[in-house]
Each structure stands twice: as structure tokens, then as C-alpha cells.
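Understanding the architecture of this molecule
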Amino acid sequence: MNSKLLAKRTFIQATTASMVVLLAWLIANNSKILLIGFGAILIAVLFCGSANWLSNKTSISNKVWLPFTIISPILLLGLFFAYTAPKIAAQAIMLKDRLPQAISYMQEQVSKLQWPEPLIDNLKSFSTYDPEVSTVVSAVTSFFSSTVNGLGSVIFALFLALFMSVNPKWYINGAVSLVPPSHRNRVREVISACGTALSGWLVAKIVSMIMVGILTTVGLWALGIDLALILGIIAALLSFIPNLGPLISFIPAALVSVIAGIDTLLYVTLLYVGVQSVESYVLTPVLQAKIANLPPAITLFAQVLLAGMVGMTGILLAAPLTVTLMVIVNMLYVEDLLEAKTEG
């Protein structure tokens with residue numbers, strides 16, 4: 001073999017290997033930024049998908065509908081919170097005040113039981129060691145504090161989404177141009193399929209969140225829980241997170257209801273189980289009938305993996321990221337590689 005050709009091949013292989021290592025290093029060290037970028041794509045898909053749907057229904061250009069799909073959700077949320085903000089703020093303060101009372105009540109009830117002494121000592125230390133850190137109040141406060149601290153990331157993702165929504169073809173064409181010409185049509189099909197899957201998943205999730213919030217609020221109000229509104233909003237927001245969200249939202253409701261008695265706690269537990277059952281076995285299958293269902297084990301694994309890597313951002317975006325990866329794997333690996341070999 002010609003020594004120059006060999007040297008050229010060696011140089012190309014070494015350069016490719018170095019680029020792969022560098023890319024892996026960049027992904028590992030900037031995973032949170034990349035996830036924020038994916039969050040921006042998710043928001044852009046929602047805006048563009050809504051505009052395209054309205055365009056198909058009305059025969060009006062999606063560019064006309066795009067400003068409407070961007071402004072209307074923000075306007076509706078603003079009107080909702082402007083109307084309910086005083087009540088939400090009052091109930092949030094009451095919730096923060098009642099959680100320590102619930103902890104104390106549970107401690108008193110447990111101390112009456114004939115449980116091993118070390119367990120009682122641990123419970124006492126749980127509530128007395130450091131109230132700012134070791135109580136459930138701190139856990140809830142820390143959760144929402146991290147959410148508030150991530151407001152900058154949300155604003156950054158929103159601005160990215162706005163730029164992407166104005167002309168998504170620029171970015172799609174740019175991504176497609178990075179692959180060989182013979183594969184560009186297939187890559188466009190994959191990108192289109194990912195957008196369709198994400199759009200369907202988002203619409204289903206938003207409708208599901210609204211229904212969970214309404215059912216939870218009405219149910220708690222019917223049970224006589226005076227913090228029904230704030231607890232319903234918490235349940236709606238946290239239902240965006242599969243598997244873990246409903247469990248986290250149940251904790252403050254359980255602590256508030258236990259003060260009224262064990263029977264109230266039982267009714268609230270049955271309410272949350274019922275709402276979660278309706279969401280999991282009725283709403284989700286109906287709303288997501290046209291897209292692939294997310295296997296709970298894979299979703300949970302992705303949540304734990306991304307939580308360890310980037311924290312709360314990973315938990316929030318684990319489900320839509322799993323949807324995207326399932327589409328890519330199914331089309332590029334299963335269909336194009338495995339099934340192509342079988343047919344060949």
C-alpha cells in the first residue's frame with residue numbers, strides 16, 4: 001500500500017477518533033446545557049405544532065397562527081394567575097405553616113405506639129435536629145427553591161424556542177446538511193417523526209395535567225380540605241413528571257390531611273390513587289393512542305440516570321427525551337439495520 005495513502009488514512013482515523021472523544025467529553029461536561037437546548041426544541045415543537053394544526057383546520061398560513069400560539073398560552077396563564085394569585089399565595093403560606101404541625105402530630109401519634117425505642121429516637125431527631133434541613137417542609141421548600149432558581153434556564157430555553165419557531169426549516173436544513181446526501185431524505189423523515197411524536201406527547205401531557213389538577217382540586221374541596229387549590233396546582237404541575245411526580249405531590253396533601261384524622265388521610269389517599277388511576281389507565285391511553293407508549297421501567301431508568309447527571313432538569317425532560325430516542329432507535333436501528341438485514 002502506498003505510504004502516503006496509509007498516512008492519510010491513519011490521519012483521518014486518528015482525527016475521527018479524537019473528534020468522537022472530544023464530542024463525548026463535551027456532552028458529559030455540558031449535559032445540562034444540552035438538555036436546556038432540548039427543552040427549547042420541545043417548546044418550539046409545541047408552538048409550531050399548534051400553528052400547523054390550526055393552519056390545517058383553517059387553511060390559513062401557519063405563520064399567521066404562530067404569534068397566536070405563542071402569545072395565547074402566556075396570556076391565559078397570566079390571566080389565571082392574576083385571578084387566583086391572592087388565594088394561591090394565602091394557601092401557600094398556610095401550607096408552609098401546617099406542614100410542621102403535621103410533622104409534630106405524626107411524631108405524637110408514633111410515640112404512642114409500642115415501637116422500638118431507636119425508631120422513636122430517629123423520628124424525634126428527624127424533626128428536631130435541624131428544622132431548616134431535615135424536615136419535609138425543607139424538602140418541599142428545597143424543591144420549589146430549585147425550581148425558582150431554574151427560572152433563568154426556562155427563560156433562556158423560551159428565547160431559544162422563539163428563535164427556532166420563527167423559521168424551523170433553517171435549523172432542520174442545517175442538521176440534515178451534516179449527513180451524507182444519500183441519507184438526507186431518511187434523516188428528514190426521522191426528524192419529522194420525532195417532531196410528530198413530541199407534539200403528540202406534549203398535547204397529551206398538557207391535557208392530562210389540566211385534568212389531574214381539576215380532579216384533584218374538586219376532590220379535595222369535596223373532602224373539606226381548605227388548601228384544595230394550592231394542592232391541586234401542585235398535583236397538576238408535578239404530573240408532568242411520570243412515575244415520581246404523583247408520589248411527590250401526594251406528600252404535602254397527606255401531611256395536611258393527617259391533622260384532620262386518619263379517616264381524612266385515608267380518603268385523600270384514595271382520591272390520589274383514583275386520580276392517578278384515571279390518568280394512567282384512561283386519559284393517557286386515549287390521548288396518546290397515536291404515539292408509542294412509554295415503558296415505565298425505561299422512563300424511570302432515564303429519570304434516575306439524568307437526575308444523577310444534571311439534577312431536576314434531567315427528571316423533567318427524561319420522558320420527552322425517551323420519546324425521541326425511542327423514535328430514533330426504532331427508525332434508524334430496528335427498521336434500517338435489523339429489518340433491512342432480515343429482508344436482505
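Residues numbered from 1 in each chain as written. Predicted model: local features only at pLDDT ≥ 70, side-chain atom pairs only at ≥ 80, totals over all residues. Heavy atoms only, no water.

Remarks on the overall build of the protein chain
Helix and strand counts for the protein chain stand at 13 helices and 0 strands. Each helix (α) and strand (β) of the protein chain, taken in turn from the N terminus, gives the series α-α-α-α-α-α-α-α-α-α-α-α-α. Expressed as a percentage of the 344 residues in the protein chain, the buried residues total 33%. Counting only contacts in the protein chain whose residues sit at least 6 apart along the sequence, the fraction spanning at least 24 positions is 67%. Just so you have it, the protein chain exposes about 21100 Å², and 72% of that area is on carbon and sulfur atoms. (Helix = DSSP H or I, 4+ residues; strand = E, 2+ residues; numbered from the N terminus. Buried < 20%, exposed > 50% of the residue type's maximum accessible area, 1.4 Å probe, protein only. Contact = heavy atoms within 4.5 Å. Areas by Shrake-Rupley, 256 points an atom, 1.4 Å probe, with all protein chains shown as cover.)

Concerning the packing of helix H10 (residues 244–258) against helix H11 (residues 262–287)
Two numbers describe how H10 lies on H11: the axes approach to 9 Å, and their chain directions differ by 160°. Looking at the two axes, H10 sits roughly antiparallel to H11. Pair H10 / H11 crosses with right-handed handedness. Only Ile262, Thr264, Leu265, Val268, Thr269, Tyr272 and Gln276 of H11 make contact with H10, whose side of the interface consists of Pro246, Ser249, Phe250, Ala253, Ala254, Ser257 and Val258. (Axes fitted to C-alpha atoms, helices over the stretch in contact; angles between N-to-C directions. Parallel < 35°, antiparallel > 145°, perpendicular 65-115°, else oblique. Left-handed = near helix turned anticlockwise from the far one by under 90°.)

Some words on the nonpolar core
Of all hydrophobic cores here, the largest spans 29 residues; its most connected members are Leu95, Leu220, Leu231, Val268 and Tyr272. Examining the composition of this core, we find that 8 residues originate from one element, helix H9 (residues 228–238), more than from any other. When near neighbours in sequence (up to four residues on either side) are disregarded, leucine 231 contacts Leu95, Thr216, Leu220, Ile225, Pro252, Ala253 and Tyr272. Counting 22 residues, the second largest nonpolar core, distinct from the first, contains Leu42, Val190, Trp201 and Ala318. (Core = buried A, V, L, I, M, F, W, Y, C linked by side-chain atoms within 4.5 Å.)

Quick notes on the side chain of threonine 299
As for its position among the elements, threonine 299 is in helix H12 (residues 296–310). Relative accessible area serves as the criterion here: at 3%, threonine 299 is assigned to the buried category. Apart from residues no more than four positions distant in its own chain, threonine 299 is found in contact with Pro242, Asn243, Leu294 and Ala319.

Things to note about the confidence of the model for the protein chain
In regions of low pLDDT, the predicted coordinates are not meant to be interpreted in detail. Put simply, the protein chain has an average pLDDT of 78, and 82% of its residues get 70 or more. Confidence drops under pLDDT 50 across residues 126–141; counting only partners more than four residues distant or on other chains, this segment forms 21 contacts. (pLDDT = per-residue confidence, 0-100.)

Some thoughts on the packing of aromatic side chains
Going through the model one piece at a time under the given rule, you end up with 3 aromatic pairs. Ring geometry for tryptophan 65 against phenylalanine 68: centres 5.6 Å apart, planes inclined by 70°, an arrangement best described as edge-to-face. Of this pair, tryptophan 65 and phenylalanine 68 are both found in helix H3 (residues 62–112), 3 residues apart, which corresponds to roughly one turn of the helix. Residues tryptophan 201 and phenylalanine 240 carry aromatic rings whose centres are separated by 5.6 Å and whose planes lie at 75° to one another, so their mutual orientation is edge-to-face. A residue pair is termed long-range when its members are at least 10 positions apart, and tryptophan 201 in helix H8 (residues 184–222) and phenylalanine 240 in the loop between H9 and H10 qualify at 39 residues. Taken individually, tryptophan 201 and phenylalanine 240 each receive the classification buried, so the pair is uniform in this respect. (Phe/Tyr/Trp six-rings, centres within 6.5 Å; stacked < 30°, edge-to-face > 60°.)

Description of the pattern of salt bridges
Taken as a whole, this structure holds 3 salt bridges when the rule is applied. Two residues, glutamate 189 and arginine 186, come together in a salt bridge whose shortest N-O distance is 2.8 Å. Of the two residues, glutamate 189 and arginine 186 both sit in helix H8, 3 residues apart, roughly one turn of that helix. Judged by its relative accessible area of 43%, glutamate 189 is partly exposed. Its salt-bridge partner being aspartate 336, residue arginine 186 comes within 2.9 Å of it at the nearest N-O pair. (Salt bridge = Lys/Arg side-chain N within 4 Å of Asp/Glu carboxyl O.)

Describing H12
For an α-helix the count is 3.6 residues per turn, leaving residues at separations of three or four pointing the same way. Under the 1.5 Å per step criterion, the end-to-end length of H12 is 21 Å for 15 residues, consistent within 8% with the ideal 21 Å. Positioned one or two residues after H12, glycine 311 has a phi angle of 80°, which is positive. (Expected span 1.5 Å × (residues − 1).)

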